[in-house]
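Per-entry structural report
Each chain, written out:
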Amino acid sequence: MAISTVGVIGLGTMGAGIAEVISRNGYSVIAIENSTAALEHGRGTLEASTARAVKRAKLTEQERSALLDRITFTTDMPALASADLVIEAVSESLELKKAIFAEVDAITPPHAILATNTSSLSVTDIAVATGRPANVVGIHFFNPAPVLSFVEIVRTVVTSQEIVDEAVAFARTLGKEPVVIGDRAGFIANALLFGYLNHAVSMFESKYASREDIDDAMRLGCGYPMGPLMLLDLIGLDTAYEILDTMYKQGRDRLHAPSPILKQLVTAGLKGRKTGRGFYTYEAPGSPVVVDAVDTEAIELGPTREIASVGVVGSGTMASGIAEVFAKAGMDVVLVARSGDKAAQALSRIEASLDKAVSKEKMTQEERDAALERVRGTSSLRELSYADLVVEAVVEDLEVKKALFVELDRTCKPGAILATTTSSLPVIDLAVVTKRPQDVVGLHFFNPAAVMKLVEVVRTVSTSDEVVDTAIAVCRALGKHPVTCGDRAGFIVNALLFPYLNDAVRMLEANYSSANDIDLAMKKGCGYPMGPFELLDVVGLDVSYAIQRTLYLEFREPGFAPAPRLEHLVTAGYLGRKTGRGFRDYVN
Ligand code: CAA
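Residues numbered from 1 in each chain as written. Predicted model: local features only at pLDDT ≥ 70, side-chain atom pairs only at ≥ 80, totals over all residues. Heavy atoms only, no water.

1. Describing the site of the ligand
The ligand sits among 23 residues. The nearest are Glu20, Arg56, Lys58, Ser119 and His140. At a separation of 3.3 Å, a nitrogen atom of the ligand approaches a polar side-chain atom of arginine 24. Between the ligand and the protein, one listed contact pairs a nitrogen atom with a side-chain N or O atom of serine 49 at 3.0 Å. The protein chains hide 73% of the 1,100 Å² of surface that the ligand would expose on its own. Only helix H1 (13-24), helix H2 (36-55), helix H7 (189-205), helix H9 (228-235) and helix H19 (515-526) provide two or more residues apiece to the shell around the ligand. Partitioning the shell around the ligand into residue classes produces 13 nonpolar, 6 polar and 4 charged. In this structure, the shell around the ligand is formed jointly by two domains, domain 1 (5-182) and domain 2 (190-293), each of which donates at least three residues. (Near = heavy atom within 4 Å. Polar contact = N/O pair within 3.5 Å; in protein donor to acceptor, adjacent residues only side chain to side chain. Areas by Shrake-Rupley, 256 points an atom, 1.4 Å probe, with all protein chains shown as cover. Helix = DSSP H or I, 4+ residues; strand = E, 2+ residues; numbered from the N terminus. Nonpolar A, V, L, I, M, F, W, Y, C, P; charged D, E, K, R; others polar. Domains from an automatic or database assignment.)

2. Examining the pattern of salt bridges
Following the criterion strictly, the structure yields 30 salt bridges and no others. Two residues, glutamate 466 and arginine 305, come together in a salt bridge whose shortest N-O distance is 3.2 Å. Of this pair, glutamate 466 sits in helix H17 (residues 465-477) while arginine 305 sits in the loop between helix H11 (260-267) and strand S9 (309-313), and the two are 161 residues apart along the sequence. Overall, the relative accessible area of 31% leaves glutamate 466 in the partly exposed class. Overall, the relative accessible area of 21% leaves arginine 305 in the partly exposed class. Here glutamate 351 makes a salt bridge to arginine 368, at a shortest N to O gap of 3.2 Å. Note that glutamate 351 is positioned in helix H13 (residues 340-359) and arginine 368 in helix H14 (residues 365-373), a separation of 17 residues in sequence. Look at glutamate 351 and you get partly exposed, because its relative accessible area is 33%. Connected via shared salt-bridge partners are Glu351, Asp355, Arg368 and Asp369. (Salt bridge = Lys/Arg side-chain N within 4 Å of Asp/Glu carboxyl O. Buried < 20%, exposed > 50% of the residue type's maximum accessible area, 1.4 Å probe, protein only.)

3. Quick notes on the packing of helix H21 (residues 541-555) against helix H22 (residues 564-571)
Between H21 and H22, whose axes approach to 9 Å, the crossing angle comes to 135°. Here H21 lies oblique to H22, going by the angle between them. Handedness of the crossing formed by H21 with H22: left-handed. Two secondary-structure elements touch here, H21 through Leu541, Asp542, Ser544 and Tyr545 and H22 through Leu566, Glu567, Leu569 and Val570. (Axes fitted to C-alpha atoms, helices over the stretch in contact; angles between N-to-C directions. Parallel < 35°, antiparallel > 145°, perpendicular 65-115°, else oblique. Left-handed = near helix turned anticlockwise from the far one by under 90°. Contact = heavy atoms within 4.5 Å.)

4. Focus: the domain arrangement of the chain
Splitting the chain by domain gives domain 1 (5-182), domain 2 (190-293), domain 3 (309-486) and domain 4 (525-579). One C-alpha centre belongs to domain 3, the other to domain 4, and the line joining them spans 27 Å.

5. Side note on helix H4 (residues 94-107)
The end-to-end C-alpha distance of H4, which contains 14 residues, comes to 20 Å, matching closely the 20 Å that a straight helix rising 1.5 Å per residue would cover. Within H4 the residues assigned to the buried category are Lys97, Ile100, Phe101, Val104 and Asp105. The arc that holds every buried residue of H4, seen down its axis, measures 135°, which confines them to one face. More than 90 degrees from the buried face of H4, the exposed residues found are Glu95 and Ala106. (Expected span 1.5 Å × (residues − 1). Arc of directions from axis to C-beta.)

6. Topic: the sheet that holds strand S7 (residues 150-154)
A sheet is described by the order of its strands in space; here 8 strands give the open sequence S3-S2-S1-S4-S5-S6-S7-S8, paired in mixed fashion. Since the sheet does not close on itself, it has two edges, and those belong to strand S3 (71-74) and strand S8 (177-181), each with one partner. Adjacent strand axes in the sheet meet at a mean angle of 25° when their direction is disregarded. Bridge count between strand S6 (residues 136-140) and S7: 3 bridges; the pairing is antiparallel. From the neighbouring strand, glycine 138 faces S7, where its bridge partner is valine 154. Along the sheet face, H4 touches strand S1 (5-9), strand S4 (85-88), strand S5 (113-116) and S6 and points at about 165° away from the line of S5. (Pairing = 2+ DSSP bridges.)

7. Digging into the sheet that holds strand S16 (residues 481-486)
Ordered in space as S11-S10-S9-S12-S13-S14-S15-S16, the 8 strands form an open sheet in which the pairing is mixed. A strand with exactly one partner marks an edge of an open sheet, and here the two such strands are strand S11 (375-378) and S16. Neighbour to neighbour, the strand axes of the sheet diverge by 25° on average, direction disregarded. Relative to strand S10 (residues 332-336), S9 is paired through 5 bridges, and the arrangement is parallel. Directly across from glycine 311, in S10, lies its bridge partner valine 334. Here H13 sits on the sheet and contacts S10 and S11; the angle it forms with S11, its principal contact strand, is near 155°.

Dropping the structure here:
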């Protein structure tokens, strides 16, 4: 069947975007709203979005007016009598959707495909409200629909294969990458996204970290296009609440129970970007311009200590990367390894990295020479007696680190700050073995340290304000972006990242979708730089399993229990890229 006329019901954020992308690809669109005011609002959204596309040279002025001309804006449902396909995009209420589908069923020709853009409700429940459930399918777009190229095609147990094929072919004509999946709350992308978003909200609500720090951590630590709180504002807090509520009711997973503040914001009418205020305040309703963001890099600090000379303990990738970062910022660095040989190896790693920076024209030969000159390697901790700051980056073993902190406390001068780069152990456990717990802080760098801008500054219950502020000042001097958080397993990034990766493994285990389709969903539907299975294989399944286990043991959250498949792969020695096999096979 040839589709030429498409009805879109509901012109909110999603409906307007869907109508835009369909019309842009040459189809006639009948755009329906239930009131003139809503219709005019939807028209305004479309006009603004297409004007932006013209400004960005994605459309010509002529194409824009042709696009708008192909859309008939109406409040008259019977106008759908000529539609070959109808896509419903009203708010997430099952009763409302069922009523609309029953009405559309009576109006549209028998061949018409009836599709819902629901994000979480059961497509089957909606389908049975019509006399043609075999023609009902989910076509789920991602916000902003004109930009993101992923579409989930949801088949129910009664959807006919022919209709699924037509929906897939239609999505391809829009330039989208469709994936066909079964009818389960949240489908692929939302099922993996919303647990993470909800967790970020609870971090904010419990004041574990600030709004900006949570968002910056995920953008800079994981390369996400937006932080979770700003993304929630884009999605709409009412929509997010409804999706979480539906997912919770279907799976009874506490991690999907909407964080209380979401309900409060929605009740107060602060529904995110579309109303001009949600977690952030925007210039105007619908505007992407935030007017109340705090510039965390400019926050004034209290008294700080002077840091001129730095010690780094360890000789692995993190230790050499961190030493390089300090040396490049003009500080003298003593790198202490377990042996002279190991120190020499770390120094040659630093040299190689600096050479690479020169060859990529990121620094001059003179700058390289000066940086290298500033790093000294040794196997003696005694050489740290003059350091103002010591950063420990040895193996993630609590007993080894504790023994080291006892030594550092004995060796280092009074007032020297002792920092750990641990990513999963409690910083307070290291602080209490010293006589200076107020001077112990977490400085969690990301790998590769020379490249990644983010550093999590971890404050324990004992760390002094002066030490936290000094740590922040040091990160700024290094050209890094510090975020501060409390001393909980996973800090911000790992606590938000790994449960999502673990959920992806569970989804695979449940045979809901394939690793390729799940990776595609998160890359194309949410703009992530890597899919969860690509990332797991890069990080290493042993490392991922260990972090997930730590999170589980700290929070005792059943939803955080490591997925059995992850554990089995680790047991089998399939650890990801480094062993040539993980979720995928690699040619090393
Ligand atoms: N038509 C065509 N292209 C357009 C356009 C339009 N109307 N409007 C913008 N664009 C283009 C821009 O020109 C730009 O392309 P170039 O980079 O080639 O110039 C690109 O789209 C990005 O747009 P902007 O510059 O306006 O914005 P940005 O770079 O700040 O990115 C963003 C904004 C696209 C929202 C990005 O931050 C992003 O991808 N965020 C993640 C969004 C996400 O995760 N969405 C999924 C949410 S879940 C969901 O939607 C499902 C659900 O059920 C709730």
